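For reference, the chains in residue letters:
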Amino acid sequence: MKVRRKMQFRVWVGICWLMLASGASGAGDPVAGEAQSLACSACHGMDGATPLDPTYPNLAGQNEKYLFDQLKLIQSNERLILLMTGQLIGKTDQDLWDMAAYYASLPPKIGQAAGDDESIARAEAIYRGGIMSKRVAACTACHSPTGNGNALAGFPALRGQPGPYLAAQLKAYREGERATDEAYGGMMRDVAHALTDGEIAVLADYLQGLH
């Protein structure tokens, strides 16, 4: 198991950087997407960055490919979100691309970390350097030093996401309750498996203020 994780750690860091050079372009129309996304504002805010609940994600400024991929997973119930059950029924792939393009076009909102200097320094060390003793890869490899993600590869932007949302997703990956990283060999589950609740808490807080 340790050998497997060590190999995955090296392979996926390499893949993240290689994807930066790959070609990809968004396929959505933001204008059409605004009309398709009217119902979404009830939970995510008119600006896409004022969620009704802090466990809901900010959509504004998120990467288009990531948003499309998640909408497809939610539509097929591969990513089960009960509050969104039925919201995407009847929408075509083009509708989903348009919605993704609309939210990607909106300005992101940056929050502020609430932790003390020690907690922020601890989180920054994890984000930028990982935890080698536990084979936890540096988050920057796929999500960039500024937390903007990798739009071409479809890796999400993390900066400015609500801390409670980020913490919930990391715990879901750790417990195997979220498996939307299947196309990437379970990369996020491998990263999150060794994170403690305390490490997740400081990391989530740090990321909501990262920019």
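In this text, all values refer to a predicted model and were calculated from it rather than measured experimentally.

Draft legend 1. Focus on the packing of aromatic side chains. As enumerated under the stated definition, the model contains four aromatic pairs in all. Between Phe-155 and Tyr-184 the ring centres are 5.1 Å apart and the planes differ by 65°, which places this aromatic pair in the edge-to-face class. Taken as a pair, Phe-155 in the loop between helix H7 (140–143) and helix H8 (163–174) and Tyr-184 in the loop between H8 and helix H9 (187–192) lie far apart in primary sequence, 29 residues in all. What makes Phe-155 buried here is its relative accessible area of 4%.

Draft legend 2. Looking closely at the environment of Ala-194. One can find Ala-194 in the loop between H9 and helix H10 (197–208). Separated by 60 residues in sequence, Ala-194 and Lys-134 have C-alpha atoms that sit 6.4 Å apart. Contact partners of Ala-194, with chain neighbours within four places excluded, come to Lys-134, Val-136 and Glu-199.

Draft legend 3. Fine view of empty space enclosed by the protein. Applying the stated criterion across every chain, the model contains one cavity of 30 Å³ or more. Approximately 30 Å³ is the volume found for the largest cavity. Lining the largest cavity we find Asn-58, Ala-60, Gln-62, Pro-108, Lys-109, Arg-159, Gly-160 and Gln-161. Residues belonging to the lining of the largest cavity are distributed by class as follows: two nonpolar, four polar and two charged.

Draft legend 4. Fine view of the environment of Asn-63. Looking at where Asn-63 falls in the secondary structure, it is placed in the loop between helix H3 (41–44) and helix H4 (64–75). The exposure class assigned to Asn-63 is buried, which follows from its relative accessible area of 8%. Taking the C-alpha atoms as reference, Asn-63 lies 8.5 Å from Tyr-103; in sequence the two are 40 residues apart. A polar side-chain atom of Asn-63 sits 2.6 Å from the main-chain carbonyl oxygen of Phe-155.

About the criteria used
Residues numbered from 1 in each chain as written. Predicted model: local features only at pLDDT ≥ 70, side-chain atom pairs only at ≥ 80, totals over all residues. Heavy atoms only, no water. Phe/Tyr/Trp six-rings, centres within 6.5 Å; stacked < 30°, edge-to-face > 60°. Helix = DSSP H or I, 4+ residues; strand = E, 2+ residues; numbered from the N terminus. Buried < 20%, exposed > 50% of the residue type's maximum accessible area, 1.4 Å probe, protein only. Contact = heavy atoms within 4.5 Å. 1 Å grid on protein atoms, 1.4 Å probe; cavity = no way out; pocket = protein on both sides within 12 Å on 5 of 7 lines; lining within 4 Å. Points joined across faces, edges and corners; volume = space filled by probe spheres on them. Nonpolar A, V, L, I, M, F, W, Y, C, P; charged D, E, K, R; others polar. Polar contact = N/O pair within 3.5 Å; in protein donor to acceptor, adjacent residues only side chain to side chain.

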